Structures are given as structure tokens and as C-alpha cells.
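# Breakdown of the fold
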Amino acid sequence: MFENGKMWADDVGKPIQAHGGCIIQHDGMWYWYGEHKGAKNCPGTTRVDVIGISCYSSKDMNSWRYEGLALDVKDSPKGSLIQPENVCERPKVLYNKKTGKFVMWMHLDTPNYTYAGVAVAVADRPIGPFTVIREMQPNRTDSRDMTLFKDVDGTAWLVHSSDWNKTLRLSRLTEDFTDVDGFYASALTDQTREAPALMYRDGKYYMITSGCTGWQPNSALYAECDHLCGQWKLIDNPCEGDNYRRTFEGQSTYIFEKDGKTYLMLDHWKPKNLKNSGYSILPVTVENGILTVKWQATFPEQAS
Ligand code: DGJ
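Residues numbered from 1 in each chain as written. Predicted model: local features only at pLDDT ≥ 70, side-chain atom pairs only at ≥ 80, totals over all residues. Heavy atoms only, no water.

Under the annotation held in an unreviewed UniProt entry, the chain carries the name Glycoside hydrolase family 43 protein and is attributed to Waltera acetigignens.

### Comments concerning the overall build of the chain
What counts here: Runs of E in the DSSP output that reach at least two residues are strands. Runs of H or I that reach at least four are helices, and both are numbered from the N terminus. The cut-offs for exposure are 20% and 50% of the maximum accessible area for each residue type, with area from a 1.4 Å probe on protein chains only; residues under the lower value are buried, those over the upper are exposed, and the others partly exposed. In these tables, accessible area is a Shrake-Rupley quantity obtained with a 1.4 Å probe, and a residue counts as shielded only by the protein chains included in the view. Charge assignment: positive for Lys and Arg, negative for Asp and Glu; neither His nor the chain ends contribute. Charge coordinates come from a single atom per side chain, which is NZ of Lys, CZ of Arg, CG of Asp or CD of Glu.
A count of helices and strands for the chain gives 0 helices and 23 strands. C-alpha extents for the chain along the principal axes are approximately 50 × 45 × 40 Å. Counting over 304 residues, the chain shows a buried share of 55%. A total accessible area of about 13300 Å² is found for the chain, and carbon and sulfur atoms account for 48% of it. Computed over 34 positive and 38 negative side-chain charges, the inter-centroid distance for the chain is 3 Å.

### Brief notes about the sheet that holds strand E10 (residues 146-150)
To keep things clear, this is the line we draw: Strands pair, by our definition, only if DSSP identifies at least two bridges between them. In this description, a line fitted to the C-alpha atoms serves as the axis of each element, helices being fitted only across the stretch in contact, and the angle between N-to-C directions of two axes falls anywhere from 0 to 180 degrees.
Pairing is antiparallel in the open sheet, where 4 strands are placed in the order E10-E11-E12-E13. What marks the edges here is a single partner per strand, and that holds for E10 and strand E13 (180-187). Ignoring strand direction, the axes of neighbouring strands in this sheet form an average angle of 25 degrees. In the sheet, strand E11 (residues 156-162) pairs with strand E12 (residues 167-173) via 6 bridges, with the strands oriented antiparallel. Considered in E12, the bridge of Leu158 is made with Ser171.

### With respect to the pairing of strand E2 (residues 19-26)
Extensive coverage of E2 is indicated by the burial of 7 of its 8 residues. In this sheet, strand E3 (residues 29-35) lies alongside E2 in antiparallel orientation, the contact comprising 6 bridges. Paired with Cys22 across the bridge in E3 is Tyr33.

### What to know about the side chain of Thr178
Note the following rule: Under the rule applied, a polar contact is a pair of N or O atoms within 3.5 Å (in protein, one hydrogen donor and one hydrogen acceptor; residues adjacent in sequence only if both atoms are side-chain atoms). Residue contacts are defined here by distance: any two heavy atoms, one from each residue, within 4.5 Å place the two residues in contact.
Along the chain, the position of Thr178 falls in the loop between E12 and E13. Accessibility expressed as a relative area gives 10% for Thr178, which makes it buried. A polar contact is formed between the side chain of Thr178 and the side chain of Asp176, at a distance of 2.9 Å. Setting aside residues no more than four positions away along its own chain, Thr178 makes contact with Val103, Trp105, Val120, Val122, Ile133 and Arg134.

### Section: the site of the ligand
Test applied: Nearness is judged by heavy atoms alone; a residue qualifies as near a molecule or strand once a single heavy atom is within 4 Å of it. As defined here, a cavity is a set of points on a 1 Å grid over the protein atoms alone where a 1.4 Å probe fits but cannot get out. A pocket is an open set with protein on both sides within 12 Å along at least five of seven lines, and residues line them when an atom is within 4 Å of a point. Criterion for pocket placement: a molecule counts as inside a cavity or pocket if more than half of its atoms are within 2 Å of its grid points. Here the nonpolar group is Ala, Val, Leu, Ile, Met, Phe, Trp, Tyr, Cys and Pro; Asp, Glu, Lys and Arg are the charged ones; every other residue, Gly included, is treated as polar.
Close to the ligand lie Glu89, Arg90, Tyr113, Asp145, Glu194, Gly214, Trp215 and Gln251. The side chain of Glu89 places a nitrogen or oxygen atom 2.6 Å from an oxygen atom of the ligand. In this structure, an oxygen atom belonging to the ligand sits 2.9 Å away from a side-chain N or O atom of Gln251. In isolation the ligand offers 290 Å² of accessible surface; the protein chains occlude 89% of this area. The pocket occupied by the ligand, as judged from atoms lying within 2 Å of grid points, is the second largest pocket. Across the shell around the ligand, the residue classes tally to 2 nonpolar, 2 polar and 4 charged.

### A few points about the environment of Gln137
Relative to the elements of secondary structure, Gln137 occurs in the loop between strand E9 (131-136) and E10. For Gln137, a relative accessible area of 32% gives the class partly exposed. Sequence spacing of Gln137 and Asn237 is 100 residues, and the spatial spacing of their C-alpha atoms is 31 Å. Each residue touching Gln137, except ones within four places of it in the same chain, is listed here: Tyr115, Ala116, Gly117 and Asp142.

### So, unusual backbone geometry
Residue Pro129 follows Gly128 across a cis peptide bond; omega there is 5 degrees. In this structure, Pro129 sits in the loop between strand E8 (117-123) and E9. A cis amide bond links Phe299 to the next residue, Pro300, at an omega of -10 degrees. Here Pro300 is to be found in the segment after strand E23 (298-299). Not every positive phi belongs to a glycine, and Met61 is a case in point at roughly 70 degrees. Take Met61: it is sitting in the loop between strand E4 (52-58) and strand E5 (65-72).

### Section: the layout of surface pockets
Cut-off, in case you're wondering: Grid points are joined across faces, edges and corners, and a volume is the space filled by probe spheres set on the points.
Roughly 650 Å³ of internal volume is contained in the largest pocket. Forming the boundary of the largest pocket are 22 residues, of which Lys150, Tyr254, Ile255, Phe256 and Glu257 lie nearest the centre. Breaking the lining of the largest pocket down by element, the ones donating at least two residues are E2, strand E6 (87-96), E10, strand E14 (193-201) and strand E19 (251-258). Within the lining of the largest pocket, the residues separate by chemical class into 15 nonpolar, 4 polar and 3 charged.

So this is what it looks like as C-alpha cells:
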């Protein structure tokens, strides 16, 4: 059992380094990918050098085994922006059935966040190694916080903060998930949201986002829409429990399903000591069309 809001340890007692991440299931195993922030903060800053993207595996999520760096900054191709001094955040991975490849997308940036692009990498196995095949600004638009979302019809989307974070953009991916196909839609125009996490339930799409206050917590909001590229409507703060106005001191990163339940992953950033940033995994419910994220002290929740 893990204490929400705290730093979590892997099966040998080492701090889990998988920030801004995602959890996917493949062949009966769970894989957690995230930023390895295991270095000290650069003196006087709120950043750490890029080490790579970690992968942890688990058969039940009661313990996590470190599988190493699925993407190692040391293996970056020549000319790549994936370098220790840059920014590589919020990795998300999807399995593509047609190609049999695991495809990772991540936010790629310069230290002052002015490049605002993505990197795409592929692997034959869930634990990597992932090979970088593309670095770009999707559809020539800026892209900062991002996630991937697989729709019910199998199409995959890059959902990213754009227009200097003012607007969220949904950019459709090619069939092999390794590129954008040129079609995109805008959502929550001028609402200045980031940290998007999406889910679908009973004919509706839901998107949880945070405000843009750097590493500091703020109020989460959820939006809903009948169509992925329709008119998204901001509804309310979905959080319930102490500190609900500051997302329990966390920030959204991904939504996944396990055993018929839906969960939201949060990061609890420690800007002055990023490697100690904690995690939460909290249940998400939709009742009478209202989405709620309830605080729980542990993951998995203790039976009441
Ligand atoms: C908020 C984002 O959600 C994080 O991923 C990170 O980019 C910080 N901003 C940097 O300030």
C-alpha cells in the first residue's frame, strides 16, 4: 500500500522516479513510465537535468519493480534536443496493435520552455529501449504540457497546451501513432489550462486540467464534451476532501482504468527538491453525470 501525497518506494525500497507519468496495461502487466528526476536541483533553480524516462512494472500495483530507463538521455541521437540541460517531461505511452510497437510521446523543451515541442520514440518491448524518431512542434503549433488519449474508435490523439498555454489542442495521430496527421481541434480557448488527463464514460468525454502556476498547486477543473473535437465546457473542480482547492497539493498527469475503476494520477511537486516530489493515485467516479476525484489516504484504497 502506498501513502498518497508522499514519495513512493519500489520493491527494493528505492524512491520511485516516474514523475509526470502514465500507467498502461499490457499482457497482464502494468507499466508506469515517468520522468526520472533523480538528480539534485541545479543550484538556485527549480529544475533538474534530464536523465531519461523510467519504466516500472507490476503485476498488481501493490509493488513496483524498476525496469531501468526506457529512454536514456545518453542514447539521444546526434542533434537531438533530448539533452541533460533541456526539458523532457510528461511522457505518455500507447501500444499500437497494427505495428506491434510501443510509442512514447513527451514534452520536449529548452530550459526556458521556449521551444515548446514534442519528441516521439518507439520500442518493441514495453520496457524499452525506446528510440527517438521525431522531434517537432505538432502541426507547427507550440506544445507544452501534454497527454495521449486513445479514443473508443482506436484513433489516438495528442492533447497539448498551445498558444502559450492559452488553449488546449487535440491533434489527431497517424494510424501508427508516430506522427500527427494534420487534423486538429481547439478546446478551452483562452482558459489557460495545462496538465490534461482525459477519460471517456457513457458517451461523454471528460478532461481534468490544472491552472498554469508553474510547480505550485492550484484548483483542478474538469471539462466535458459529447465529441472529442466538439465544444468542451468547463464544469467544476472535481476534487473532494481536505485541500480540494489546491488539488490536494498535487497536479493531474494521467487517467487509467483498473478492475473496472477509474483512477487519476497526481504529482506532488517539490520545486526546490524535485526528486522528492510525491505521487497520488485517486479514484475518479461519475455519478449522475458529475465527475468527482475523492481524496484517499492510500492507494489501493483501504476497504471501509
Ligand atoms: C507545470 C507543468 O505542469 C510541469 O510539467 C512543469 O512543466 C512545470 N510547469 C514547470 O514549471
